[in-house]
Every structure is written in C-alpha cells, then in structure tokens.
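For reference, the chains in residue letters:
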Amino acid sequence: MTIHDAQRNVDRWIREIGKGYFSELTNMALLTEEVGELARVIARLYGDQVAKPGDLRHGLSEELADVLWVVICLANQTGVDLTAALEESFRKKTARDADRFSAGKLS
Ligand SMILES: [Mg+2]
C-alpha cells in the first residue's frame, strides 16, 4: 500500500464505516492520545519501566498504526498530500543536513 493508497483507503473507511471525520481539534486530541499509548509501549519495551499485566496488550505495531491512522485523517481533512509532503521533507532534510552527521560533528 502506498501513502496515496493509505490516504484513499482511510478516507473511504471514514466515509463508509466511520460516517465522517471527527473535527480537526478532536483528531488532534486523539493523535495526542495515540502518541501517549505508543510512548507507554516504548517505555515498557525499551525504557526503564517494567510492564504490568495488560500494559503490552496493544503492541508496538498496533500503536504505530493507530498514530499513522490519525495523521492520515488529519492530512485528508486538511487537504494535505502526504506523498508530496514527505518528498518535500526529504528535500529539506537532505539540503539542511547533508554533512550534519559527519564524523566529529555530533557534539
Ligand atoms: Mg492506540
């Protein structure tokens, strides 16, 4: 599935099954909630927190997909083409960081 396909498929799901988008502000709140759920999983898997029973019932891939889903919703409802936006981000970062991470330049 390409990014374009993902935007189209989420849009179709939202219209046919979800019966419409939540407002942008609601989706922003939901994105924050999903990022928190992702942070919880990462803290338990890679951080110093020890998982309690049930902490990891939602896995890393599920939480990453939840975050991506809401990002796609926000892009769709605000008219952002994520393929073009990501391509522009690559151009920006490549121009800005061409030698940023060369040896000896990390400190
Ligand atoms: Mg989630």
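Preceding block: the structure.
Calculation notes
Residues numbered from 1 in each chain as written. Predicted model: local features only at pLDDT ≥ 70, side-chain atom pairs only at ≥ 80, totals over all residues. Helix = DSSP H or I, 4+ residues; strand = E, 2+ residues; numbered from the N terminus. Rg over C-alpha atoms; globule rule 2.2 N^0.38 Å. Buried ≥ 20, exposed ≤ 12 C-beta atoms within 10 Å, placed from the backbone. Contact = placed C-beta atoms within 7 Å. Expected span 1.5 Å × (residues − 1). Axes fitted to C-alpha atoms, helices over the stretch in contact; angles between N-to-C directions. Nonpolar A, V, L, I, M, F, W, Y, C, P; charged D, E, K, R; others polar. Parallel < 35°, antiparallel > 145°, perpendicular 65-115°, else oblique. Left-handed = near helix turned anticlockwise from the far one by under 90°.

Visitor: Can you lay out the overall build of the chain for me, pointing to particular residues and giving the numbers?
Guide: Summing up its helical and strand segments, the chain has four helices and zero strands in all. On C-alpha atoms alone, the chain measures out to a radius of gyration of 17 Å, which is more than a quarter above the 13 Å that the 2.2 N^0.38 rule sets for 107 residues. Projected onto the principal axes, the alpha-carbon positions of the chain cover approximately 55 × 40 × 25 Å. Considering the chain as a whole, with its 107 residues, one finds that 7% of them fall into the buried category. The contacts of the chain with a sequence gap of at least 6 include a subset with a gap of at least 24, amounting to 69%.

Visitor: If you had to explain unusual backbone geometry to someone new, which residues and values would you point to?
Guide: Its identity as a non-glycine residue notwithstanding, Lys19 has a phi of 60 degrees, on the positive side. As for its placement among the helices and strands, Lys19 is situated in the loop between α1 (3-16) and α2 (24-46). Overall, Lys19 belongs to the exposed group, with 7 C-beta atoms counted inside 10 Å.

Visitor: Could you give an account of α1, with specific residues and numbers?
Guide: Between its terminal C-alpha atoms α1 stretches 20 Å, which fits the 20 Å expected from 14 residues at 1.5 Å a residue. Taking burial as the measure, the 14 residues of α1 include one buried ones, a minor fraction of the element.

Visitor: Would you mind going over the packing of α1 against helix α4 (residues 82-97) in detail, with residue names and values included?
Guide: At a closest axis distance of 8 Å, the pairing of α1 and α4 adopts a crossing angle of 145 degrees. Residues Ile3, His4 and Gln7 of α1 pack against Leu82, Thr83 and Leu86 of α4. Here the residues of the contact of α1 with α4 sort into three nonpolar, three polar and no charged.

Visitor: For the packing of α2 against helix α3 (residues 60-78), give the residues involved together with the corresponding values.
Guide: The N-to-C vectors of α2 and α3 enclose an angle of 160 degrees; their axes lie 9 Å apart at closest approach. Classified by the angle between their axes, α2 and α3 sit roughly antiparallel to one another. Pair α2 / α3 crosses with left-handed handedness. For the pair formed by α2 and α3, the contact residues are Glu24, Asn27, Leu30, Leu31, Glu34, Val35, Glu37, Leu38, Val41 and Leu45 on the first element and Leu60, Glu63, Leu64, Asp66, Val67, Val70, Val71, Cys73, Leu74, Gln77 and Thr78 on the second. Broken down by class, the residue content of the contact of α2 with α3 amounts to 13 nonpolar, three polar and five charged.

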